[in-house]
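# Fold and contact review
If you want the building blocks of each chain, they are given just below.
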Amino acid sequence: MPNIKLLQPTSLDEALSHLSAKSDETKIISGGTALVIMLKNRLIAPATLLSLAGLQELRGIRHEPGIGLRIGALATIREAETSLVIRERQPILAQTFGKVGNIRVRHAATVGGNLSEADYASDPPCVLVALRARAKARSARAEREIPLMDFFKGFYETALAPDEILTELIVPDALPETRAAYVKYVSRSSEDRPCVGMAAVVENQADGSCKSLRLVAGAVAETPQEIASAEALAGGKRLTDTVIDEIADAYSSAIEPLSDLRGSAWYRKQIIRVMARRAMQQALDGH
Ligand SMILES: Cc1cc2nc3c(=O)[nH]c(=O)nc-3n(C[C@H](O)[C@H](O)[C@H](O)COP(=O)(O)OP(=O)(O)OC[C@H]3O[C@@H](n4cnc5c(N)ncnc54)[C@H](O)[C@@H]3O)c2cc1C
């Protein structure tokens, strides 16, 4: 690797001030699990690496009443997977983090790095879209919140500006009658990225009928996919096996998946139907 300057700021303001002056020649590094591979393969050649590792203010995981879960961008995926507060408030999220790669990757990789990398074949993004999470971004200019639905723009592309750092992930509290599940289908090794990931979040009414359904597919297109016309089929109905089949069929018919080494578009369509059905059933069964 060519000579690269490494900056190790100890405060967010220091990091942002460097980024505001030199964002064109700087790459942010958090856990480095994705970035080091890009460097080694000479896909990027930044003059400077800006390490976020010393920014303690981006590390915490807590719950704030009225806001929800607040997960610092620098929390590792393993910390998020094992966090008691995430397990208690949003078990689906802890389970999803536990499905990322292998334990060595999860110990080093960060929540913020996973989202900022925006690899389409990742696990957390579709779940976070289904939970209507928001990303908090800071620059020397301002701070803003970006709904995760608008965060992913394309292959390895996010809504973050070059001088912005993703600082925090906010996951709003679920209503009491909400059930959720994430199912991951891998077509190669068990530690691989998903061929298809599917998140289902079901909000029920007191009488057991469905108030709203969010069904979001990951790893099947450039960005997480939600098919509103299929989700709408759940409105006001009890999610019986017949209704679930109807929704899964409509979802798989409407979606236009990509082809890659993990599966062709045709293959993915078949898997999407099965995963949509499984995600809804698992959400309702509560496992
Ligand atoms: C063997 C292996 C298996 C994997 N399997 C899976 C899997 O099954 N599922 C899955 O979802 N993922 C998987 N991954 C991907 C892994 O989750 C990501 O590599 C990781 O989450 C990236 O986090 P990081 O902290 O290491 O980011 P880094 O490598 O440090 O950075 C990644 C990118 O994000 C930018 N960045 C980092 N932090 C920030 C920030 N706070 N603000 C703005 N930009 C930032 C960097 O500039 C860089 O472009 C796998 C990776 C490996 C190596």
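Presented here is a report on the structure given in the accompanying data block. (Residues numbered from 1 in each chain as written. Predicted model: local features only at pLDDT ≥ 70, side-chain atom pairs only at ≥ 80, totals over all residues. Heavy atoms only, no water.)

## Brief notes about the sheet that holds strand 11 (residues 178-185)
As summarised here, the arrangement of the 4 strands in space is 11-12-13-14, forming an open sheet in which the pairing is antiparallel. With partners counted over all chains shown, the strands left at the sheet margins are strand 11 and strand 14 (225-226), one partner each. Judged from the 8 bridges that link them, strand 12 (residues 196-204) and strand 13 (residues 210-218) form a sheet pairing that is antiparallel. The residue of strand 13 that forms the bridge with Gly197 is Gly218. Lying on the sheet, helix 12 (residues 265-285) is in contact with strand 11, strand 12 and strand 13; it crosses strand 12 at an angle near 35°. (Pairing = 2+ DSSP bridges. Helix = DSSP H or I, 4+ residues; strand = E, 2+ residues; numbered from the N terminus. Contact = heavy atoms within 4.5 Å. Axes fitted to C-alpha atoms, helices over the stretch in contact; angles between N-to-C directions.)

## Some thoughts on the site of the ligand
If you check the shell around the ligand, you find 29 residues, and the closest are Ile28, Ser30, Thr33, Thr110 and Asp123. Thr110 is positioned with one of its side-chain polar atoms (N or O) 2.7 Å from an oxygen atom of the ligand. Between Asn114 and the ligand, the recorded distance is 3.0 Å, taken from a side-chain N or O atom to an oxygen atom. Compared with its free state, where it exposes 970 Å², the ligand has 89% of that area covered by protein. Listing elements by their share of the shell around the ligand, those giving two or more residues are strand 2 (26-29), helix 7 (111-117) and strand 10 (165-171). The dominant element in the shell around the ligand, judged by the number of residues it contributes, is helix 7, at 4 residues. (Near = heavy atom within 4 Å. Polar contact = N/O pair within 3.5 Å; in protein donor to acceptor, adjacent residues only side chain to side chain. Areas by Shrake-Rupley, 256 points an atom, 1.4 Å probe, with all protein chains shown as cover.)

## Some thoughts on the packing of aromatic side chains
One pass over the full model with this rule turns up 3 aromatic pairs. Ring geometry for Tyr185 and Tyr267: centres 6.4 Å apart, planes at 55°, overall tilted. Taken as a pair, Tyr185 in strand 11 and Tyr267 in helix 12 lie far apart in primary sequence, 82 residues in all. Its relative accessible area of 27% is what places Tyr267 among the partly exposed residues. (Phe/Tyr/Trp six-rings, centres within 6.5 Å; stacked < 30°, edge-to-face > 60°. Buried < 20%, exposed > 50% of the residue type's maximum accessible area, 1.4 Å probe, protein only.)

## Describing helix 1 (residues 12-22)
Those residues of helix 1 that fall on the buried side of the exposure criterion are Leu12, Ala15, Leu16, His18 and Leu19. Buried residues of helix 1, seen end-on, are gathered within an arc of 160° and therefore sit on one face of the element. For helix 1, the exposed residues set more than 90 degrees away from the buried face come down to Asp13 and Ala21. Each element contacted by the buried residues of helix 1 is listed here: strand 1 (5-7), strand 2, strand 3 (48-51), strand 6 (134-138) and strand 10. (Arc of directions from axis to C-beta.)

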